[in-house]
Amino acid sequence: MLAGWIILAAAFAYLLLLFAVASYGDRRTREKGVPEKGRPTVYALSIAIYCTSWTYFGGVGLASARGLEFMAIYIGPILVFTLGMPVLQRITALAKAEKLTSIADFIAARYGKNPAVATIVALISLVGAIPYIALQLKAVSGSVSAMVDPAAYGIGDGNLYFVDLALLVTAILTVFAIIFGTRHTDATEHQDGLILAVSMESLVKLVAFGTACLAVVFLIFDGPADLWEKAISNQRAMQALSYQTPISRWLVLIMLSAFAIILLPRQFHVTVVENRTPEELRRAGRLLPLYLVAINLFVLPVAIGGVIVFGGTGNADLYVLALPFSHDMKLVTLITFIGGFSAATAMVIVASVALAITVSNDIVMPILLRQRLIGRQSQRDDFARTLLNIRRTAILAIMMLGYLYYRSVNVETGLASIGLLSFAAVAQMAPALFGGLVWRRANARGAIAGLTSGFFVWAYLLFLPSFGGPDNSEVAANILGFLFSGSTVFNGPEADPFV
């Protein structure tokens, strides 16, 4: 099979490629003064950063147990970029007119730029993003461990006697996130290089996922007909395909995903902050739905193939990687690994950059200004350096919080379960956002009350139980049972249908 050093070298080389592409994009913009003619397509592809390890790995794991339920997470964004385009255009126009750089700035601006609203939204964005970052660390660490024995390289898995694999992944991604995201002090300045790198990542994961699917259908099986024939005769496969998701769950998942495509900090950044022209948004309205449909065509064949080959055993989240690996397809395995690594890397980089801007602008800088720590002329001269250091520190802190969360939750928790936590968190900002857009009598006190109450309910019912702490699972099951099925989300593979 592939040597471990090849896997690790390929991952590092891909990170260097991302950096080279980002540098090229920034240099071309500086030289020409205006972006390339193909910028609308690049912009549209960058929004596909919505498809992370959850899509690449977790979608397959979910489909292996619940059939078509994974599609709900993509119906919401498709509806937003088609039927909801007028709302998205208005949000983008308002953000550009007022030079807003984060979802916290935007919501606060709807309430007279209230600093308390901005701080609360920033905190919700930060805490809500931590499980999502942990999801990427879990996916990357799991995919590496599936192909390489970390102990052979002196790397353990949570063992204090070795270098922790997840910690090593966190450190590497942190370094690259700092390099990518702290080259500009002006948050309103478009990062064309970063957007170009993210759009390339979208193509890489689409090609890699498609390669894995074709290998499963035509190399492991003898075509679609053979795969379907074996699926019909396989009880586990038919059980997954015939799974009946309750209508209430469909509706809630669609609603959560529709909010997430706007409210997730990274999505707001690439969709709103990085938007240059109305044409770019119109192009995204045509290309993004097609992209989401295309990448999800590969999910079900891989999931059913994994159920048939592995008999429902093992980690279903890693079927997309385990299938070519188990059949000694070296090149396909390497391509598939790079695709999953790419999906995780781009999300971590953009999310940490967007969150660092939010933390610096809406949490740290107001404190420094109130304390007059940057009020004197000598300190204003070093403002740019101070701002960059704040953002670098914020990226480091965000990544470490993601790592600590990954180490604190149940190791058997499925990727889809972790991702839904973040979706539910950012959904708490939806009433304040849309209320501020359409209701003239909306005020800051109401927004603060709604944001804080929603956040505490989310933390009590969903976030704290993910640590195995206060057993609120029965309460969550009674209130949100149709969404998270109570305690089955966090209590291991025998209970969690996502695993």
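What you see is a predicted model; the values in this text were computed from it and never measured.

Peer 1: Sorry, what's going on with the overall build of the protein here?
Peer 2: Helix and strand content of the protein: 23 helices and two strands. Residue burial in the protein is summarised as follows: out of 499 residues, 57% are buried. In the protein, the share of contacts with a sequence separation of at least 24, taken over all contacts with a separation of at least 6, comes to 83%. For the protein, the accessible area works out to roughly 20100 Å², and carbon and sulfur atoms hold 65% of it.

Peer 1: Help me out: how do you make sense of a nonpolar patch on the surface in this one?
Peer 2: Together, Phe19, Val175 and Ile179 make up an exposed nonpolar region whose accessible area comes to about 220 Å². Mapped onto the fold, isoleucine 179 is located in helix H8 (residues 165–181).

Peer 1: Hey, could you run me through the packing of helix H3 (residues 53–66) against helix H7 (residues 115–147) in this one?
Peer 2: Between two packed helices, the angle of one axis relative to the other and the distance separating the axes together describe the packing. With their axes 10 Å apart at the nearest point, H3 and H7 run at an angle of 65° to one another. By the angle between their axes, H3 is roughly perpendicular relative to H7. As for the relative orientation of H3 and H7, their crossing is left-handed in sense. Residues Ser53, Trp54 and Phe57 of H3 lie in contact with H7, whose contacting residues are Tyr132, Leu135, Gln136, Ala139 and Ser143. For the contact of H3 with H7, the class distribution of residues is five nonpolar, three polar and no charged.

Peer 1: Would you take a moment to explain the pattern of salt bridges for this structure?
Peer 2: Any two side chains of opposite charge can pair, so long as their charged atoms come close to each other. As enumerated under the stated definition, the model contains 12 salt bridges in all. One salt bridge in this structure joins arginine 39 and glutamate 274, with 4.0 Å as the shortest N-O distance. Taken together, the residues arginine 39 in helix H2 (residues 39–46) and glutamate 274 in the loop between helix H13 (265–273) and helix H14 (278–296) connect sequence positions 235 residues apart. For glutamate 274, a relative accessible area of 0% gives the class buried. Across the pair arginine 249 and glutamate 69 runs a salt bridge, and its minimum N-O distance is 2.8 Å. Of this pair, arginine 249 sits in helix H12 (residues 247–263) while glutamate 69 sits in the loop between H3 and helix H4 (72–80), and the two are 180 residues apart along the sequence. Given a relative accessible area of 2%, arginine 249 falls into the buried group. Judged by its relative accessible area of 1%, glutamate 69 is buried.

Peer 1: Is there a simple way to explain H14 in this structure?
Peer 2: Within an α-helix, residues lying three or four positions from one another point in the same direction, as the helix has 3.6 residues per turn. Given a rise of 1.5 Å per residue, 19 residues ought to cover 27 Å, and the 27 Å separating the end C-alpha atoms of H14 matches this to within 8%. For H14, the principal kink sits at glycine 285 and spans about 30°; a proline, proline 289, occurs within the next four residues. Buried residues of H14: Glu280, Leu281, Ala284, Gly285, Leu288, Pro289, Tyr291, Leu292, Ile295 and Asn296, and no others.

Peer 1: Would you explain the packing of aromatic side chains in this entry?
Peer 2: Here a ring pair, both rings aromatic, is described through the centre-centre distance and the interplanar angle of the planes. The final tally for this structure, using the stated rule, is 18 aromatic pairs. Seen from their ring centres, tyrosine 14 and phenylalanine 341 are 6.4 Å apart, and the 75° between their planes marks the pair as edge-to-face. With a gap of 327 residues between them, tyrosine 14 in helix H1 (residues 4–32) and phenylalanine 341 in helix H17 (residues 330–370) connect regions that are remote in the sequence. One aromatic cluster in this structure is built from Tyr50, Trp54, Tyr74, Tyr132 and Phe423. Across from the ring centre of phenylalanine 106, 5.4 Å away, lies the NZ or CZ of arginine 110, which sits over that ring.

Peer 1: Would you take a moment to explain unusual backbone geometry for this structure?
Peer 2: Negative phi is the rule for most residues except glycine; trans is the rule for most peptide bonds. Phi is positive for lysine 99, close to 55°, though the residue is something other than glycine. Relative accessible area serves as the criterion here: at 64%, lysine 99 is assigned to the exposed category. Even without a glycine there, the phi angle at aspartate 328 is positive, about 55°.

Conventions and cut-offs
Residues numbered from 1 in each chain as written. Predicted model: local features only at pLDDT ≥ 70, side-chain atom pairs only at ≥ 80, totals over all residues. Heavy atoms only, no water. Helix = DSSP H or I, 4+ residues; strand = E, 2+ residues; numbered from the N terminus. Buried < 20%, exposed > 50% of the residue type's maximum accessible area, 1.4 Å probe, protein only. Contact = heavy atoms within 4.5 Å. Areas by Shrake-Rupley, 256 points an atom, 1.4 Å probe, with all protein chains shown as cover. Patch = residues over 30% accessible without salt bridge, like charges linked within 9 Å, V, L, I, M, F, W, Y side chains within 5 Å. Salt bridge = Lys/Arg side-chain N within 4 Å of Asp/Glu carboxyl O. Axes fitted to C-alpha atoms, helices over the stretch in contact; angles between N-to-C directions. Parallel < 35°, antiparallel > 145°, perpendicular 65-115°, else oblique. Left-handed = near helix turned anticlockwise from the far one by under 90°. Nonpolar A, V, L, I, M, F, W, Y, C, P; charged D, E, K, R; others polar. Expected span 1.5 Å × (residues − 1). Bend = angle between axes of the 7 residues up to and from the residue. Phe/Tyr/Trp six-rings, centres within 6.5 Å; stacked < 30°, edge-to-face > 60°. Lys NZ or Arg CZ within 6 Å of the ring centre and 35° of its normal.

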